[in-house]
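Residues per chain, in single letters:
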Amino acid sequence: MKRRFEVLLSVGIVVLFSVTINSYVSATAINSIGGNILPVAAASIEVGSIQAIPGETASIPVRVRQGIDIRAFSLDIRFNTNLLQYKSISRAGTGTEGFSTVVGAPLTDCVVISGFAGSAAAITGDVVLLNILFELSSSASGLISIIPENFLDDIAGAQAISGSIMVNEAIPPTTTFTRTSTPTPTRIPSMTPTSTSTPTPTPIPTRTSSPTSLPASSSTIQVGVVAGKTGDTLSLPIHIANGMDIRAFSLELRFDVNQIQFIHIDRAGTATENFSSVVGVPLTDRVVISGFAGSAGGIEGNAVLFKVIFTIQATALGQYPITPENFLDDIAGARAITGWIEVVENGNPIATATVAPPTPPAFTPTATQTPIPTFVKPLFSPTPTPFQNQSIFIYDNAEDTSGDLTGQTDFDAIDHRNLTIAWNMERGNATDWHIYMRYGLGGMKFLGRTGDGAATRFHWYAGGNFIDDDFINGPDFNSVYLFRVIRIDGLLGPDDFFEASAPVGFNLEGGNPVSPDLPEIPNLTSNRIVIYDDILGGDDLAPMGSTGSDVDPPSSRAIQIAWNFGRDPASVNDYHVLVSVDGGAFDFLGQTYTGRINYFRWSPQNTFRTNTSYANGPQDGHTYQFMVALLPLSGGRSNLKSGVLTYAVSLR
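Because the structure is a prediction, the values reported are computed rather than measured.

Let's shift gears to the overall build of the protein chain. In terms of helices and strands, the protein chain carries zero helices and 40 strands. When the accessible surface of the protein chain is split by element, carbon and sulfur atoms take 50% of a total near 26100 Å².

What follows is the structure, given as structure tokens:
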């Protein structure tokens, strides 16, 4: 979300917020690459056209067209400041009415407007984003252009359409003035990428059963420790360690609201002091805090994120845990460390007894100091633990408790196609379970979710609950499936991802067994990325640092990208594939949804989760370069960049 940050990737995040976020994604950032890689999430940003008279305060709408999952945005509105004076932003009745913040910062020749949804719903479709109020000077006359530009975050790459204010002569007081719209706004060419497609910036299915899956962050959010007596107002610091370009965040602090009262957020002297907004919204048992950088820089390294001001109630005594949870946006997946407020009976309070800012390994309160109110997730281990004992089981029927079909074939009648995915993992604080599925030689895709944290099974059959639209008809015959289960508990970490130990075949009753074995692509040397013409490998069409070519017939347009980072697959959460078309900025192409697939096939068949901008596969007459980003379960991210491929389609 950097102001005027050129999204040109060299080496280095959704990602994303990509922000996405998102959904987030946003969702949703590939921080190791060094920027926010965002597919276009809005076709256009349009300023309205109105009429007004000198001295009047006029409201002009700013619209978004074909928006998808817009949770954060930033843009400049440029105008003649000698004729117009920016007054304020009005959100009443607009798409951002429920946003955590929308702020306008007037500069010498424009106003910079930044918005962040926080816990509000993202913007999708055609809506009025906001209204800008201008006061016309007494000397205003003629047509005054209002030009939108410098779109960032979830509107990056949108087309800009300018508006205007037509200044009429002053109308006598007895005349009723009526504003009219100008039907044809003046289009201004956008300086951002020209694609007007609308993929989601965070790779999240768009139906209501979609997961909010985000790469695990390597950051730590740690609540400090302070002490005082009843009636005192205390400042409690919230620390961040290993921050990496944190420009938008949302989190919850849970505490005993009967004994501790939230007052406000204090940003003075903290890392968010220059943020456009940091707001705290108290709920019945917690406070939701959301922040957005706007034109400020992202947060890096270790710092005090902000301070929370609390008042100790008269009946309080002892220790009261302050638990951080439900991290979203640029801190999604961060590690959480609980702090506390200690209430001293009588005597002088222990003023500002805070812990030092955390540095890895982060400070962990001992069991005797911190009462832990609920299940606490294990801390990240320095080296991820490989998948060991089987934790996912495949059954033929919903009620089965034996007869695991993992590594075998399930045979079903044509009118009774069903697979049940079961697991034996500890629930912890889970509120949901998300299930991903690999079909044959393709990549993992979102299959569905339970909608219930207490669930231990997911039933896949035609018309079932919480199943993605692509798979709503149930499993297909003569197919091979591999499953992945993710525990959704607000603190996404390495211990929340579970892989099936082997695939399962599926076929019609009376048919032949389907081999669950999947062929491997050729093994590559470490730290190498290649481009193949075929899924099973072959010659590298464009070795790293060079230029090559590929010619395909129209019926089999495809490019295969494969890689080897030299990392244990069990330590990798996901791979994101990005593409540069004709030397342009890198854009999100697709992902594997698992670290166990080290290739991506780009074709019109979309056997991998593919950005809808590129769903038709590679196109004749273009050059392509690819970058693969490794998103680990813990530790640092890394990326590999391919050579440049000239692609053609032969008509013969």
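The final tally for this structure, using the stated rule, is 17 salt bridges. Measuring nitrogen to oxygen at the nearest pair gives 2.9 Å for the salt bridge that ties Asp-432 to Arg-449. Of this pair, Asp-432 sits in strand E26 (residues 432-439) while Arg-449 sits in strand E27 (residues 444-449), and the two are 17 residues apart along the sequence. The exposure classification of Asp-432 matches that of Arg-449, with both residues buried. The shortest N-O distance in the salt bridge between Asp-495 and Arg-487 comes to 3.6 Å. What emerges from the salt-bridge pattern is a single network uniting Glu-252, Arg-254, Asp-285, Arg-286 and Glu-325.

Let us look at the nonpolar core. If you look at the biggest cluster of nonpolar residues, it comprises 39 residues, and the most contacted ones within it are Phe-73, Ile-77, Ile-113, Ile-132, Phe-134 and Ile-165. Sort the elements by how many residues they give to this core and strand E8 (residues 123-136) lands first, with six residues. For Ile-132, the residues in contact, after removing those within four places along its chain, are Ala-58, Ser-59, Ile-60, Val-62, Ile-77, Tyr-86, Ser-88, Ile-89 and Ile-113. Val-223, Ile-299, Ile-312 and Ile-331 belong to the second-largest nonpolar core, a separate cluster that totals 36 residues.

E26 sits mainly inside the fold: seven of its eight residues count as buried. When E26 meets strand E29 (residues 479-488), the two strands line up antiparallel, connected through eight bridges. Counted as the bridge partner of Ile-435 is Val-485 from E29. Two strands pair when backbone bridges link them, and E26 and E27 are joined in this way by five bridges, in the antiparallel orientation. Pairing of Ile-435 across the sheet is with Gly-448, part of E27. Two successive antiparallel strands, E26 and E27, enclose a turn made up of four residues, where Gly-440 displays a positive phi of approximately 60 degrees.

Once that is clear, we can look at the sheet that holds strand E11 (residues 163-167). What the six strands build is an open sheet, ordered E2-E11-E9-E4-E7-E6; its pairing is mixed. A single partner strand is all that each edge strand has here, and the edge strands are strand E2 (49-52) and strand E6 (101-106). For this sheet, the mean angle separating the axes of adjacent strands, direction not counted, is 20 degrees. Across seven bridges, strand E4 (residues 72-78) lies against strand E7 (residues 110-116) in antiparallel orientation.

The next subject is the sheet that holds strand E5 (residues 84-90). Overall, mixed pairing links the five strands, which are arranged E5-E8-E3-E1-E10 in an open sheet. The open sheet has two edge strands with one neighbour each: E5 and strand E10 (159-161). Going across the sheet, the axis of each strand differs from the next one's by a mean of 20 degrees, ignoring polarity. The pairing of strand E1 (residues 44-47) with E10 spans three bridges and is parallel. Residue pairing across strands places Ser-44 opposite Gln-159, the latter belonging to E10.

Using the criterion set out here, one finds 25 aromatic pairs in the structure. Ring geometry for Phe-565 versus Tyr-575: centroids 5.8 Å apart, planes at 20 degrees, classification stacked. Within this pair, whereas Phe-565 is found in the loop between strand E34 (559-564) and strand E35 (572-581), its partner Tyr-575 is found in strand E35, the two being separated by ten residues in sequence. Classification of Tyr-575 by relative accessible area gives buried; the value is 4%. Relative to Tyr-614, the ring of Trp-602 has its centre 6.1 Å away and its plane inclined at 85 degrees; by these criteria the two rings are edge-to-face.

A word on unusual backbone geometry. Residues other than glycine predominantly adopt negative phi, and peptide bonds predominantly adopt the trans conformation. Of note, Asp-69 is a non-glycine position whose phi angle comes to about 55 degrees, a positive value. Tracing the sequence through the fold places Asp-69 in strand E3 (residues 57-70). On the accessibility criterion, Asp-69 (18% relative accessible area) is buried. With a phi angle near 55 degrees, Phe-466 is a residue other than glycine that sits in the positive phi range. Residue position: Phe-466 is located in the loop between strand E28 (457-461) and E29. We classify Phe-466 as partly exposed; its relative accessible area is 37%.

For Thr-272, the location among the structural elements is in the loop between strand E16 (260-266) and strand E17 (277-282). Along the chain, Thr-272 and Gly-297 lie 25 residues apart, while their C-alpha atoms are 9.4 Å from each other. When neighbours within four sequence positions are excluded, Thr-272 is seen to be in contact with Phe-249, Arg-267, Val-278, Ile-299, Leu-305 and Phe-306.

With that settled, the discussion passes to the environment of Ser-479. Considering the arrangement of structural elements, one finds Ser-479 in strand E29. Ser-479 sits in the buried class, given a relative accessible area of 2%. When the C-alpha positions of Ser-479 and Ser-515 are compared, they lie 9.0 Å apart, and in sequence the two are 36 residues distant. Discounting residues that sit within four places of it in the chain, Ser-479 has contacts with Tyr-439, Val-504, Gly-505, Phe-506 and Val-514. Polar contacts involving the side chain of Ser-479 include one to the side chain of Tyr-439, which spans 3.3 Å. Of note is the side chain of Ser-479, whose polar atom sits 3.1 Å from the backbone oxygen of Asp-476.

Mean pLDDT over the protein chain: 77, with 77% of residues reaching 70 or higher. Every residue in residues 1-39 is under pLDDT 50, and counting partners more than four places away or in other chains gives 196 contacts. Across residues 171-216, confidence stays below pLDDT 50; counting only partners more than four residues off in sequence or on other chains, it has 146 contacts.

What counts and how
Residues numbered from 1 in each chain as written. Predicted model: local features only at pLDDT ≥ 70, side-chain atom pairs only at ≥ 80, totals over all residues. Heavy atoms only, no water. Helix = DSSP H or I, 4+ residues; strand = E, 2+ residues; numbered from the N terminus. Areas by Shrake-Rupley, 256 points an atom, 1.4 Å probe, with all protein chains shown as cover. Salt bridge = Lys/Arg side-chain N within 4 Å of Asp/Glu carboxyl O. Buried < 20%, exposed > 50% of the residue type's maximum accessible area, 1.4 Å probe, protein only. Core = buried A, V, L, I, M, F, W, Y, C linked by side-chain atoms within 4.5 Å. Contact = heavy atoms within 4.5 Å. Pairing = 2+ DSSP bridges. Axes fitted to C-alpha atoms, helices over the stretch in contact; angles between N-to-C directions. Phe/Tyr/Trp six-rings, centres within 6.5 Å; stacked < 30°, edge-to-face > 60°. Polar contact = N/O pair within 3.5 Å; in protein donor to acceptor, adjacent residues only side chain to side chain. pLDDT = per-residue confidence, 0-100.

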